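Listed below, chain by chain, are the residues.
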Amino acid sequence: FKDVAAGVRNIFGGRSQSYENELASGVSDSLVELENQAEQLGADAVIGVDIDYESVGSQMLMISASGTAVKLA
């Protein structure tokens, strides 16, 4: 149903709140995973964070976050 509603919104204009919520959730999950990996390395912070979006097939969006883990002096 999300796809149908989004398709109708694309025709008439407007934004799909369900897609925006899913995208925000994906970004949040990616940042949490980045933070967890940095913590496992003993880092105090992550700098230079970059968030990328890629379409995987016609029904999936991949979100990745990368950055540099640093140890503060």
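Residues numbered from 1 in each chain as written. Predicted model: local features only at pLDDT ≥ 70, side-chain atom pairs only at ≥ 80, totals over all residues. Heavy atoms only, no water.

Peer 1: Looking at this structure, I do not really get the overall build of the chain. What am I missing?
Peer 2: Looking only at helices and strands, the chain has two helices and two strands in total. Split into buried and exposed, the 73 residues of the chain put 12% on the buried side. Residue pairs in contact within the chain that sit at least 24 positions apart in sequence constitute 38% of those at least 6 positions apart. Here the chain displays about 5,700 Å² of accessible surface, and carbon together with sulfur accounts for 55% of that area. (Helix = DSSP H or I, 4+ residues; strand = E, 2+ residues; numbered from the N terminus. Buried < 20%, exposed > 50% of the residue type's maximum accessible area, 1.4 Å probe, protein only. Contact = heavy atoms within 4.5 Å. Areas by Shrake-Rupley, 256 points an atom, 1.4 Å probe, with all protein chains shown as cover.)

Peer 1: Quick question: what am I supposed to make of the pairing of strand 1 (residues 45-56) here?
Peer 2: Regular strands place side chains that alternate from one sheet face to the opposite one. Alignment of strand 1 against strand 2 (residues 60-70), held across ten bridges, turns out to be antiparallel. Along strand 2, the bridge assignment pairs Ala45 with Val70. Joining the antiparallel neighbours strand 1 and strand 2 is a turn of three residues, in which Gly57 adopts a positive phi near 70°. (Pairing = 2+ DSSP bridges.)

Peer 1: Before we go on, may I ask you to explain a nonpolar patch on the surface in this structure?
Peer 2: There is a patch of nonpolar side chains on the surface, built from Leu23, Tyr53 and Leu61 and spanning about 260 Å² of accessible area. Relative to the helices and strands, Leu23 resides in helix 2 (residues 17-40). (Patch = residues over 30% accessible without salt bridge, like charges linked within 9 Å, V, L, I, M, F, W, Y side chains within 5 Å. Salt bridge = Lys/Arg side-chain N within 4 Å of Asp/Glu carboxyl O.)

Peer 1: What is the right way to look at the side chain of Ser30 in this model?
Peer 2: Among the structural elements, Ser30 can be located in helix 2. Using a relative accessible area of 14% as the deciding quantity, one classes Ser30 as buried. Apart from the residues within four sequence positions on either side, Ser30 is in contact with Ile63, Ser64 and Ala65.

Peer 1: What's the story with helix 2 in this structure? I'm lost.
Peer 2: Each α-helix winds once per 3.6 residues, and so residues spaced three or four apart point in a common direction. Here helix 2 contains 24 residues, and its C-alpha end-to-end distance of 35 Å stays within 8% of the 34 Å for a straight helix at 1.5 Å per residue. Where helix 2 is buried, its residues touch strand 1 and strand 2. Backbone geometry just after helix 2 places Gly42 at a positive phi near 85°. (Expected span 1.5 Å × (residues − 1).)

Peer 1: Help me understand the environment of Met60 in this model?
Peer 2: Structurally, the position occupied by Met60 is in strand 2. Those residues in contact with Met60 that lie beyond four places of it in its chain are Glu54 and Ser55.

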